[in-house]
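# Chain and residue survey
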Amino acid sequence: NAGVMQNPRHLVRRRGQEARLRCSPMKGHSHVYWYRQLPEEGLKFMVYLQKENIIDESGMPKERFSAEFPKEGPSILRIQQVVRGDSAAYFCASSPPRDSYEQYFGPGTRLTVT
Amino acid sequence: GDSVTQMEGPVTLSEEAFLTINCTYTATGYPSLFWYVQYPGEGLQLLLKATKADDKGSNKGFEATYRKETTSFHLEKGSVQVSDSAVYFCALWDDKIIFGKGTRLHILP
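The rules behind the values
- Each chain has its residues counted from 1, following the order in which its sequence is written.
- Chains carry letters from A onward and ligands carry numbers from 1 onward, assigned in written order.
- Only residues with pLDDT of 70 or above have their local features reported here, since the model is predicted, and side-chain atom pairs are shown and tallied only from 80 upward, although totals for entire chains, interfaces and linings are computed over all residues.
- As a rule here, side-chain values cover all heavy atoms of the structure and leave hydrogens and water aside.
- The numbering of helices and of strands both runs from the N terminus, where a helix is a DSSP run of H or I of at least 4 residues and a strand a run of E of at least 2.
- Atoms considered for the radius of gyration are the C-alpha atoms alone. The globule rule reads 2.2 Å times the number of residues to the power 0.38.
- Exposure classes here rest on a 1.4 Å probe applied to the protein chains alone. A residue is buried below 20% of its type maximum, exposed above 50%, and partly exposed in between.
- Whether two residues are in contact is decided by their heavy atoms, any of which lying within 4.5 Å being enough.
- As used throughout, the charge tally considers Lys and Arg to be positive and Asp and Glu to be negative, leaving His and the chain termini uncounted.
- For charged residues, the charge sits on one atom: NZ in Lys, CZ in Arg, CG in Asp, CD in Glu.
- By convention, the term buried area covers the 1.4 Å-probe accessible surface removed from two parts as they join, with the contributions of both added.
- A pairing counts as a salt bridge when a side-chain nitrogen of Lys or Arg comes within 4 Å of a carboxyl oxygen of Asp or Glu.
- The pairing criterion for strands is at least two bridges between them, as found by DSSP.
- Working convention: axes come from line fits to C-alpha atoms, limited for helices to the stretch in contact. Angles between N-to-C directions cover 0 to 180 degrees.

Before going further, it helps to spend a moment on the overall build of chain A. Helix and strand content of chain A: 0 helices and 11 strands. Overall, chain A shows an N-to-C arrangement of helices and strands of β-β-β-β-β-β-β-β-β-β-β. For a compact globule of 114 residues, the expected C-alpha radius of gyration is about 13 Å, and chain A comes in at 13 Å, within 12% of that figure. By principal-axis analysis of the C-alpha atoms, chain A measures approximately 40 × 25 × 25 Å. Relative to its full complement of 114 residues, chain A shows a buried share of 44%. Counted over contacts in chain A with a minimum sequence separation of 6, partners at least 24 positions apart contribute 53%. On chain A, the mean spot of the 17 positive side-chain charges and the mean spot of the 12 negative ones are 7 Å from each other.

The following block contains the structure:
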């Protein structure tokens, strides 16, 4: 049973470009969470999604950031017009339907904005 | 709001030393508590958990006890190994996971 998959593992973007981060949850998991980890910081919750629904986006910046989890395919975290402050590691986690605290994390995508 | 505070690192120990990483929390209710471990280049892995007061979570020789009276969940291991070198995160669950800043642990052979 494959774990949570994220790609790419490393992403370099110039200021102003768009970044797309992908997350495939574990088989059987219908809940996806995105977290951001800044250098020397813990993970900060960004958004919680179920298939075709955003359940909680209280941690998402109001502008430039969006997330989706379509019926088919991976969850996507999209950052438009990236700035240097967006440089961070972005982690995705998934959980089975009724155990949201049992989250399984992917290896993360390290975004560097130059 | 809810928060988690853990001791700052890095913590450097010799192999077979005793480990304690302190963690305290602030929450309005009685949240579930966790320790996660992050090995270099990898995502977080759940190390252990406790869901109610006085519960003891344990895994791979690590232990932590949910202390309601001191709002603490300190991580301990009696004899660390070089392979335990990683970053350790204390966290609580209260409708979402809230993480501490992490403690980097270096074990010297």
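Moving on, we come to the overall build of chain B. Tallying secondary structure elements over chain B gives 0 helices and 12 strands in all. Along chain B, helices (α) and strands (β) appear in the sequence β-β-β-β-β-β-β-β-β-β-β-β when read from the amino end. Computed over C-alpha atoms, the radius of gyration of chain B comes to 13 Å, within 12% of the 13 Å expected from 2.2 N^0.38 for 109 residues, which places it in the range of a compact globule. The C-alpha extent of chain B, read off along each of the three principal axes, is 40 × 25 × 20 Å. Counting all 109 residues of chain B, 45% fall into the buried class. For chain B, contacts bridging at least 24 residues in sequence account for 55% of all contacts bridging at least 6.

This part takes up the interface of chain A and chain B. Taken together, the contact between chain A and chain B spans 18 residues of the former and 16 residues of the latter. In total, about 1,500 Å² of surface goes out of reach between chain A and chain B, with carbon and sulfur atoms giving 56% of it. Looking only at chain A, the three residues that lose the most surface to chain B are A:Leu43, A:Tyr101 and A:Phe105, adding up to 37% of its buried area. At the boundary of chain A with chain B, the tally comes to 2 salt bridges. Here A:Asp56 ties to B:Lys96 by a salt bridge, and the two come within 3.2 Å at their closest N and O atoms.

Residue and element names in this part refer to chain B. When you tally the buried positions in strand 5 (residues 32-38), you get 7 out of 7 residues, the bulk of the element. Side chains Ser32, Phe34, Tyr36 and Gln38 project from strand 5 onto one buried face, and the interleaved Leu33, Trp35 and Val37 project onto a second face that is buried too. Where strand 5 meets strand 10 (residues 86-93), 7 bridges bridge the pair, whose relative direction is antiparallel. By the bridge assignment for strand 10, Gln38 is matched with Val87. Where strand 5 and strand 6 (residues 44-50) come together, 6 bridges link them in antiparallel fashion. What sits directly across from Tyr36, in strand 6, is Leu46. If you look at the hairpin formed by strand 5 and strand 6, you'll find 5 residues sitting between the two strands, and Gly41 has a positive phi there, around 75 degrees.

Let us look at the sheet that holds strand 7 (residues 65-68) of chain A. Residues and elements named next belong to chain A. Pairing is antiparallel across the open sheet formed by 4 strands, whose spatial order is 1-3-8-7. Two strands bound the open sheet, and with one partner strand each, they are strand 1 (5-7) and strand 7. Strand-to-strand, the axes of this sheet are offset by a mean angle of 15 degrees, without reference to chain direction.

Here we take up the sheet that holds strand 8 (residues 62-65) of chain B. Two orientations exist for strands paired in a sheet by backbone hydrogen bonds: parallel and antiparallel. All names here are of chain B. Reading across the sheet, the 4 strands line up as 3-9-8-7 and stay open at both edges, with antiparallel pairing between neighbours. At either margin of the open sheet sits one strand with a lone partner, and together these are strand 3 (19-21) and strand 7 (56-59). Going from strand to strand, the sheet's axes swing by 15 degrees on average, the running direction of each strand aside.

This part takes up the pattern of salt bridges. Tallied over the entire structure, the rule returns 8 salt bridges over all chains. When the shortest N-O distance is used, the salt bridge between B:Asp55 and B:Lys52 registers 3.4 Å. Classification of B:Asp55 as partly exposed rests on a relative accessible area of 21%. Through salt bridges with shared partners, a single ionic network connects A:Glu18, A:Arg20 and A:Arg78.

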